[in-house]
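# Chain and residue survey
One-letter residues, chain by chain:
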Amino acid sequence: QVQLVESGGGLVQAGGSLRHSCAASGSIFSINAMGWYRQAPGKQRELVAAITSGGSTNYADSVKGRFTISRDNAKNTVYLQMNSLKPEDTAVYYCNASEVVPGLRYDYWGQGTQVTVSS
C-alpha cells in the first residue's frame, strides 16, 4: 500500500503561479511513476504531468512550457510547479502513484486539492 498526502493549490489570478507537493509513504519501493491528474466539473480526469522512477517526464500538451514536475527522492515527494496559470486550469488536482507489474497496474490517489484560476 502507498499513501499520498497532497498540499498546495488554492485561488490565484490568471498569470499567477502555484505549487503542489505530494508526499508518498508506505510501500514506496514499488512505485514506478508519480504524477498529477486533474478533473474539472463535467469533465473526465486527465493526466497533467508524470515522472518515472528514472526521472523521465511526460506532460499534457495544454501545460507544456508552463508546468514543471520534479521529485525529491530523499523526501519521497513530488512537486508540480504551475506558472502562467489560465482559467481553464481550474480543476481538482490529484496526486497519483502507479505500480506496474506484468499484466497489472495499481493506482494510488491523493485526496485532491482545488485549484481555481480567476480571469
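The paragraphs below set out a description of the structure included in this document. (Residues numbered from 1 in each chain as written. Predicted model: local features only at pLDDT ≥ 70, side-chain atom pairs only at ≥ 80, totals over all residues. Heavy atoms only, no water.)

### Focus: the environment of Gln-114
Within the secondary structure layout, Gln-114 lies in strand β11 (residues 113–118). Sequence spacing of Gln-114 and Gly-55 is 59 residues, and the spatial spacing of their C-alpha atoms is 26 Å. For Gln-114, the residues in contact, after removing those within four places along its chain, are Gly-9, Gly-10, Thr-90, Ala-91 and Val-92. (Helix = DSSP H or I, 4+ residues; strand = E, 2+ residues; numbered from the N terminus. Contact = heavy atoms within 4.5 Å.)

### A look at the state of the cysteines
Counted according to the given criterion, the structure contains one disulfide. Residue Cys-22 pairs covalently with Cys-95 via a disulfide, S to S 2.0 Å. Measuring handedness by torsion sign, the sulfur bridge of Cys-22 and Cys-95 sits at about -85 degrees and is left-handed. Note that Cys-22 is positioned in strand β3 (residues 18–26) and Cys-95 in strand β9 (residues 91–101), a separation of 73 residues in sequence. Cys-95 shares its class with Cys-22; the two are buried. (Disulfide = S-S within 2.5 Å. Buried < 20%, exposed > 50% of the residue type's maximum accessible area, 1.4 Å probe, protein only.)

### Regarding unusual backbone geometry
In this model, Asn-76 sits at a positive phi of 50 degrees, which is unusual for a non-glycine residue. As for its placement among the helices and strands, Asn-76 is situated in the loop between β7 (67–72) and β8 (77–82).

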